[in-house]
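As a plain string of letters, each chain reads:
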Amino acid sequence: MNLVSDRPAYCLLTVSAVVSLERRVVTMGIRCGLRTHVLCLATVALTWASSPAYAIDNATFWEQRTSILQSEDTDILGHNSKLTEAEMKANAMLMTLKEKEMADAFENLNFPPAKNFMTVREEIEASNVFQFISDMPKGAALHMHSSSMVSMSWVIEEITYWPNLYMCYTNNGKLKMKFTEAPDTSCAWQLVSEVRATYPTEDDFNRELTEKLSLWTDDPDEAYPDISSAWDAFEDALSAQKGIVLYRPAYESYLYQALKEFMEDNVLYLEFRGTLTPMYELNGTHLSLEATVAIYRDTVQRFVQDHPGSFYGARFIFAPSRDTSLDKMWENVASARHLKELFPDFVAGFDLVGQEDKGVPLKDFLEPLLWLNEGVVSVPVFYHAGETAWMGMSTDENLIDALLLNATRIGHGYAITKHPRAKALARDTQTPIEVCPVSNQVLKLVDDLRNHPAAGLVAEGFPIVVSSDDPGSWGAKGLSYDFYEAFMALGGAKADLRFLKQLAVNSMQYSSLEFNAKGELIALWLEKWNSFISEFQ
């Protein structure tokens, strides 16, 4: 229906016309009761159809355009807050850098967030905006996985040089690795040190090992043409890497290094998930779930004690595979309740992990999942949900189930914009989406991060946190790469320091920490934030 020109009053109302008419009704101050809604709109349509063509003069056009853009700018995540005078100076410098990078990319179409991260990592590192973000106190990383948090270069250069590390290839070409005093006959085990010695150079071997233990490759688009091939390679790499890091002394070093890398990236707190595959000793003895969690906790406490005032701490979320049976899920839930009771200040809650499209939907585990909130020991949940490009399938409907199951946060939530009722419920309950831009890109949900659905969430100020998921699996480190991608692509040209600051605040506000602990963390961050901002005076 064209509301600008003369049209017959009896023309049919299209959906877009109805929306326009509803706005017109509000403008005219007319109230439509529920039962008379359509008749009321029809009356307005008749009025419009018989009225002179709507006209707007030059001055009104610019006035209304400015008003709309100002409103939209205020809607951007964080943009309803005010900056201090010192922050405004820092922001002016940041936006000068950003505007130059955006203008150059607009002209030459070389925009790093539009390309697979593994092909542009060095370009990102050369960015002045990235350097600003690297130096900025970022609060917390809330979506991490226990066996892929550390830079792969450290794993290769440190852990793979330890004695008693063996490797072999299965009949289908998959790499297996483990520490042992006496390898069994289940595979053609060889010492890693001996295999490394057969290569022309150590770098040749280490490069090949890096590709086996991660997704890293020179041409990711050719190596992983679709989501299935990316996930298959990802899970193979994680499986091979777990054989290394599940060795108890190795994981103690690994977790300590993870905390160190995030601290050096100006992150103060972590929440990491893990399947709790039991750790093992050199003689093959496996540790219990309780002993494994105790090692996590003790390593975190040791790191915090070694770095007073520089790092606040970390918590663990028990996250077994979602691709399992109902009986096994009852066992997992019982373990979660038990661990929460044993480690109330360290075990944050429960989640399910694995490729969501191929896993069992949340609704199929309803009874055991409901049990998590019953009784004296209540276990908070942080479900991966909607990590899919599909719509109307059980995978994206996991979003609805996660919200109904009282999720504290939702992992990825990539499909949230396809479910307006779920999105509204998440906003009303202040249930944030854990957005992991680089992960979603390298695992083939989206190629150009400007097209990520979280860009729309940012534009309307929806509660999100940004995290890095499995940075070691694609050559990243810490949190800054994902903050950069979010700032440049999800926030668009107008997102400024207020957006970055809000991401940091959100990461602490939506953590699992209790009220007093959150206050301590925010106070520590604020001290570092003010020190960072003072450098721009």
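Everything that follows concerns the structure shown earlier in this document.
Caption draft 1: Fine view of the overall build of the protein chain. Of regular secondary structure, the protein chain possesses 22 helices and 11 strands. Expressed as a percentage of the 537 residues in the protein chain, the buried residues total 51%. Sequence separation of 24 or more characterises 76% of the internal contacts of the protein chain that already satisfy a separation of 6 or more. For the protein chain, the exposed area adds up to about 24,500 Å²; of that, 53% sits on carbon and sulfur atoms.

Caption draft 2: A look at the packing of aromatic side chains. For the structure shown, the criterion picks out 26 aromatic pairs. For the pair Tyr199 and Phe205, a centre-to-centre distance of 5.1 Å together with 70° between the ring planes defines the contact as edge-to-face. Accessibility expressed as a relative area gives 23% for Tyr199, which makes it partly exposed. Ring centres 5.6 Å apart and planes at 70° place the aromatic pair Phe272 and Tyr296 in the edge-to-face group. Of this pair, Phe272 sits in strand S5 (residues 267–274) while Tyr296 sits in helix H13 (residues 289–306); the two residues are 24 residues apart in sequence, bridging distant segments of the chain. Among the aromatic side chains, those forming a connected cluster through ring pairs are Phe132, Trp525, Trp529, Phe532 and Phe536. Over the face of the ring belonging to Tyr161 we find Arg196, whose NZ or CZ atom lies 3.8 Å from the ring centre. One Lys or Arg, Arg337, reaches over the ring of Trp371 and ends 4.5 Å from the middle of that ring.

Caption draft 3: Looking closely at the pattern of salt bridges. By the definition in use, this model includes 26 salt bridges. Between Lys260 and Glu264 there is a salt bridge; the shortest N-O distance is 2.7 Å. Of the two residues, Lys260 and Glu264 both sit in helix H12 (residues 248–264), 4 residues apart, roughly one turn of that helix. Residue Lys260 is classed as partly exposed on the basis of its relative accessible area, which comes to 31%. Look at the salt bridges and you will find they share partners, linking Glu271, Arg273, Asp351, Arg409 and Glu434 into a network.

Caption draft 4: Quick peek at the state of the cysteines. Applying the stated criterion to the full structure yields 1 disulfide. Linked covalently through their sulfurs, Cys168 and Cys187 form a disulfide whose S-S length is 1.9 Å. Because the sign of the S-S torsion sets the handedness, a value of about 105° for the bond joining Cys168 and Cys187 places this disulfide among the right-handed ones. Separated by 19 residues along the polypeptide, Cys168 in strand S2 (residues 165–169) and Cys187 in the loop between strand S3 (175–179) and strand S4 (190–191) bring together distant segments of the chain. We note that Cys168, like Cys187, is buried.

Caption draft 5: Local environment of the sheet that holds S3. Pairing is antiparallel in the open sheet, where 3 strands are placed in the order S3-S2-S4. Taken across any chain shown, the strands that pair with only one partner, and hence form the sheet edges, are S3 and S4. Bridge count for S2 against S3 is 5 bridges, and the pairing is antiparallel. Note that in S3 the partner of Tyr166 across the bridge is Lys178. Packed onto the sheet, helix H9 (residues 202–213) meets S2 and S3 and runs at close to 105° relative to S3.

Caption draft 6: Spotlight on unusual backbone geometry. Even without a glycine there, the phi angle at Leu109 is positive, about 60°. Secondary-structure assignment places Leu109 in the loop between helix H4 (85–108) and helix H5 (117–125). Given a relative accessible area of 68%, Leu109 falls into the exposed group. For His412, which is not glycine, the phi torsion reads 75° and is therefore positive.

Caption draft 7: Looking closely at H13. With 18 residues, H13 extends 26 Å from end C-alpha to end C-alpha; this agrees with the ideal 26 Å at 1.5 Å per step. Buried-residue contacts for H13 involve H12, S5, strand S6 (313–318), helix H14 (326–342) and strand S7 (347–350).

Caption draft 8: Up close: the nonpolar core. Counting residues in hydrophobic clusters, the biggest one holds 152 residues, and the most contacted among them are Phe272, Phe350, Leu369, Tyr383, Ile464, Trp474 and Phe487. With 9 residues, the single largest contributor to this core is H12.

Caption draft 9: Spotlight on the sheet that holds strand S9 (residues 410–412). The parallel open sheet is built from 4 strands, whose spatial order is S8-S9-S10-S11. Lying at the two open borders of the sheet, with one neighbouring strand each, are strand S8 (384–385) and strand S11 (464–466). With 2 bridges joining them, S9 and strand S10 (residues 433–435) adopt parallel strand pairing. Across the sheet, Ile410 pairs through a bridge with Ile433, a residue of S10.

Caption draft 10: Focus on the packing of H13 against H14. Where H13 contacts H14, the two axes come as close as 11 Å, and the packing angle between them is 45°. Our classification of the angle between H13 and H14 gives oblique. When the axes of H13 and H14 are compared, the crossing they make is right-handed. Facing H13, whose interface residues are Leu289, Glu290 and Val293, H14 presents Ser335, His338, Leu339 and Leu342. Considered class by class, the residues forming the contact of H13 with H14 number 4 nonpolar, 2 polar and 1 charged.

Caption draft 11: Up close: the packing of H5 against helix H20 (residues 480–490). With their axes 12 Å apart at the nearest point, H5 and H20 run at an angle of 90° to one another. Taken together, H5 and H20 sit at an angle that is classed as roughly perpendicular. Of H20, the residues touching H5 (which contributes Phe117, Arg121, Ile124 and Glu125) are Tyr481, Tyr484 and Glu485. The residue inventory of the contact of H5 with H20, partitioned by class, reads 4 nonpolar, no polar and 3 charged.

Caption draft 12: Local environment of a negative patch on the surface. On the surface, Glu208, Glu211, Asp218, Asp219 and Glu222 cluster together into a patch of negative charge. Residue classification places Glu208 among the partly exposed residues on the basis of a relative accessible area of 31%.

Caption draft 13: Quick look at a nonpolar patch on the surface. Together, Ile56, Phe61 and Trp62 give the surface a local cluster of nonpolar side chains, amounting to about 310 Å² of exposed area. For Trp62, the position within the fold is in helix H3 (residues 58–75). The exposure class assigned to Trp62 is partly exposed, which follows from its relative accessible area of 45%.

Criteria and cut-off values
Residues numbered from 1 in each chain as written. Predicted model: local features only at pLDDT ≥ 70, side-chain atom pairs only at ≥ 80, totals over all residues. Heavy atoms only, no water. Helix = DSSP H or I, 4+ residues; strand = E, 2+ residues; numbered from the N terminus. Buried < 20%, exposed > 50% of the residue type's maximum accessible area, 1.4 Å probe, protein only. Contact = heavy atoms within 4.5 Å. Areas by Shrake-Rupley, 256 points an atom, 1.4 Å probe, with all protein chains shown as cover. Phe/Tyr/Trp six-rings, centres within 6.5 Å; stacked < 30°, edge-to-face > 60°. Lys NZ or Arg CZ within 6 Å of the ring centre and 35° of its normal. Salt bridge = Lys/Arg side-chain N within 4 Å of Asp/Glu carboxyl O. Disulfide = S-S within 2.5 Å. Pairing = 2+ DSSP bridges. Axes fitted to C-alpha atoms, helices over the stretch in contact; angles between N-to-C directions. Expected span 1.5 Å × (residues − 1). Core = buried A, V, L, I, M, F, W, Y, C linked by side-chain atoms within 4.5 Å. Parallel < 35°, antiparallel > 145°, perpendicular 65-115°, else oblique. Left-handed = near helix turned anticlockwise from the far one by under 90°. Nonpolar A, V, L, I, M, F, W, Y, C, P; charged D, E, K, R; others polar. Patch = residues over 30% accessible without salt bridge, like charges linked within 9 Å, V, L, I, M, F, W, Y side chains within 5 Å. Lys, Arg positive; Asp, Glu negative; His and termini not counted. Charge placed at Lys NZ, Arg CZ, Asp CG, Glu CD.

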